[in-house]
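# Overview (structure and organization)
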Amino acid sequence: MGEVIVVTSGKGGVGKTTTTANLGVGLAALGHKVALIDADIGLRNLDVLLGLENRIVYDLTDVTGGRCRLKQALIKDKHCEGLHLLPASQTKDKTAVSPEEMKKLCQDVAQEFEYVIVDCPAGIEQGFRNAIAGADKAIVVTTPEVAAVRDADRIIGLLEAAELRNPKLVINRFRYKMVQQKDMMSIEDIIDILAVDLLGVVPEDEQVVVSTNKGESVVQDERSRSGQAFRNIVQRIKGEAVPLMNLNQNGMLSKLRRIIGLK
Amino acid sequence: MASEAKKETTSLPEKELSEIKSNFIDSNTILVQRTLRAGQKIHFNGNVVILGDVNPGAEVVAAGNIIVMGNVRGVVHAGAEGNTQAMVMAFRLQPIQLRIASHITRPPDEEEMSGAYPEVAHIKDGVVTIEAFSASGER
Ligand SMILES: Nc1ncnc2c1ncn2[C@@H]1O[C@H](COP(=O)(O)OP(=O)(O)O)[C@@H](O)[C@H]1O
Ligand SMILES: [Mg+2]
């Protein structure tokens, strides 16, 4: 039985889909069998990020609705051996799937894969409840902005209420300079409020956008800083203790101590 | 506000609410052993003691006193049914808004509120006053 990890945030546009894709590619690149489930039904984009849009025949709701078998709907990634995607339907609305159906689906996928990563829609409505229904663990993504952290806090509360304890935090689009100038929340400020373990910090990096537009993932770009950050997160998900990377390009390591793996 | 406090509503899940409600210190005081996160509210017709933080976007409304063994960054309202003797005490008092009875206050926009020590807010000479907490109990 593999483990099911949901990537969630509350606020939209903070990097859930980017994180899901990079963790999937990163884990698969290390030889793991990984399935990504796009639970952002009606607003799919994981397939676009992975450059798999043109291969979709069946989608998630076809599987839960019994119109095809799971194997038929899973799309093999073109770059990455071992990585599969279960795409979201573009047309049907979020109520087309129930939390119970999602739970069953996640269990079925986890039979075949070591890691199942679920990309969650923004918000706290039914789409969110569906996405977390089958999860064993949760990753909460935020950016260092007050509004995003507030939404992350809300989500952590809801995850706790749904018995998904100890979610792990990814801080995305981190800009060292802005934090220095006190224009952005620091890692310490964020952890102080959210009081959860930090899984990693991903710097703001235009390479993310460049890769995305090519249907690739930064995690495979050896030179990019965001890619390094995602590779570190992958290691931590595997339970390895990797120190936080140097976020300031000119030296000075963060004094942060609460970095922890998912295991 | 007054009638709201009576209802003892909260957005916490039913199960946790009953856990909290079974955590009486005395018949008039509840103990909340968790941090209140954004969107979570506790309304109680008595005193509330919180072992955790009150985060931005969280709200505690009590007819009596509010004591927070942690950071207050959300909204707190003590004496919600009109008790002007009610107080709010916290390890770190940095509320978005603090109310006692019908008095509503917020931290000054320029200044950074609160030092790194416990403080008490109460009504003194008709205004909400925040002072360092002293164990002697002197008000
Ligand atoms: N670390 C980063 N640096 C720069 N741009 C980023 C970074 N992470 C995400 N982005 C960009 O932000 C936008 C939103 O990201 P996305 O993953 O789609 O968010 P979500 O799924 O949470 O809505 C995308 O255009 C993406 O390329
Ligand atoms: Mg998305």
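All of the points below concern the structure found in this document. Note that residues are indexed from 1 along each chain, following the sequence as it is written. To read the labels, note that chains go from A and ligands from 1, taken in the order they are written. Local features in this predicted model are restricted to residues whose pLDDT is 70 or higher, and side-chain atom pairs enter the listing and the counts only when it is 80 or higher, whereas totals over whole chains, interfaces and linings include all residues. Values reported for side chains reflect all heavy atoms of the structure, with hydrogen atoms and water molecules removed beforehand.

### Overview of the interface of chain B and chain A
Note on contacts: a residue pair qualifies if any of its non-hydrogen atoms lie within 4.5 Å across the two residues. Contact residues are listed per partner, giving 14 residues for chain B and 13 residues for chain A. Accessible area, probed at 1.4 Å, shrinks when two parts are joined; the buried area is that loss added up over both. Between chain B and chain A, roughly 1,000 Å² of surface is buried when both sides are summed, and carbon and sulfur atoms account for 40% of that area. It is Arg37, Ala38 and Arg73 of chain B that lose the most area in chain B upon contact with chain A, and together they represent 48% of the buried surface on that side. Put simply, a salt bridge is a Lys or Arg side-chain nitrogen that is within 4 Å of an Asp or Glu carboxyl oxygen. Across the chain B-chain A interface, the total number found is 3 salt bridges. The term polar contact refers here to a pair of N or O atoms within 3.5 Å; inside protein, the definition further demands a hydrogen-donor-capable atom paired with an acceptor-capable atom, and it admits residues adjacent in sequence only when both atoms are side-chain atoms. Along the contact surface separating chain B from chain A lie 7 residue pairs in polar contact (both at pLDDT 80 or more). Here the term charged refers only to Asp, Glu, Lys and Arg, the term nonpolar to Ala, Val, Leu, Ile, Met, Phe, Trp, Tyr, Cys and Pro, and the term polar to all other amino acids, Gly among them. For the side of chain B that touches chain A, the class distribution of residues is 4 nonpolar, 5 polar and 5 charged.

### Some thoughts on the packing of helix 7 (residues 146-161) of chain A against helix 9 (residues 187-194) of chain A
Residues and elements named next belong to chain A. Every axis in this analysis is a line fitted to C-alpha atoms, fitted for helices over the stretch in contact. Angles between the N-to-C directions lie between 0 and 180 degrees. By definition, any uninterrupted DSSP run of H or I lasting at least four residues is a helix, any uninterrupted run of E lasting at least two residues is a strand, and each is numbered from the N terminus. At a minimum axis distance of 10 Å, the contact between helix 7 and helix 9 shows a crossing angle of 30 degrees. Considering their axes alone, helix 7 and helix 9 lie roughly parallel with respect to each other. Handedness of the crossing formed by helix 7 with helix 9: right-handed. Seen from helix 7, the contacting residues are Val149, Ala152, Asp153 and Ile156; seen from helix 9, they are Ile190, Ile193 and Leu194. For the contact of helix 7 with helix 9, the class distribution of residues is 6 nonpolar, no polar and 1 charged. Roughly parallel means an angle under 35 degrees; roughly antiparallel, over 145; roughly perpendicular, 65 to 115; everything else is oblique. Crossing handedness is read from the near helix: turned anticlockwise from the far helix by less than a right angle, it gives a left-handed crossing, and turned clockwise, a right-handed one.

### Here we look at the pattern of salt bridges
Residues and elements named next belong to chain A. Summed over all chains, the structure comprises 13 salt bridges over all chains. For Lys71, the salt bridge goes to Glu112, with nearest N and O atoms at 4.0 Å. Residue Lys71 is located in helix 4 (residues 70-73), and its partner Glu112 is located in helix 5 (residues 99-112); the two are separated by 41 residues in the primary sequence. Given the relative accessible area of 61%, Lys71 is considered exposed. Exposure is judged per residue with a 1.4 Å probe applied to protein chains only, and the accessible area is read against the type maximum: over 50% gives exposed, under 20% gives buried, and values in between give partly exposed.

### Some details on the site of ligand 1
All names here are of chain A. The immediate surroundings of ligand 1 are formed by 15 residues, with Gly13, Lys16, Thr17, Thr18 and Asn172 found nearest. Between ligand 1 and Val14 there is a distance of 3.3 Å, counted from an oxygen atom to a backbone nitrogen or oxygen. In this structure, a nitrogen atom belonging to ligand 1 sits 3.1 Å away from a main-chain N or O atom of Pro203. Protein chains bury 80% of the 560 Å² of accessible surface belonging to ligand 1 in isolation. Those elements that place two or more of their residues in the shell around ligand 1 are helix 1 (16-29), strand 7 (168-174), strand 8 (197-203) and helix 10 (206-213). The greatest single-element share of the shell around ligand 1, amounting to 3 residues, is contributed by helix 1. Of the residues in the shell around ligand 1, the class split is 5 nonpolar, 6 polar and 4 charged. Whether a residue is near a molecule or strand depends on its heavy atoms: if one lies within 4 Å, it is near. Working definition of accessibility: Shrake-Rupley area with a 1.4 Å probe, residue cover restricted to the visible protein chains.

### A few points about the environment of Leu83 of chain A
Considering the arrangement of structural elements, one finds Leu83 of chain A in strand 4 (residues 83-86). Apart from residues no more than four positions distant in its own chain, Leu83 of chain A is found in contact with Gly24, Val25, Ala28, Val34, Leu36, Leu50, Ile75, Lys76 and Asp77 of chain A.

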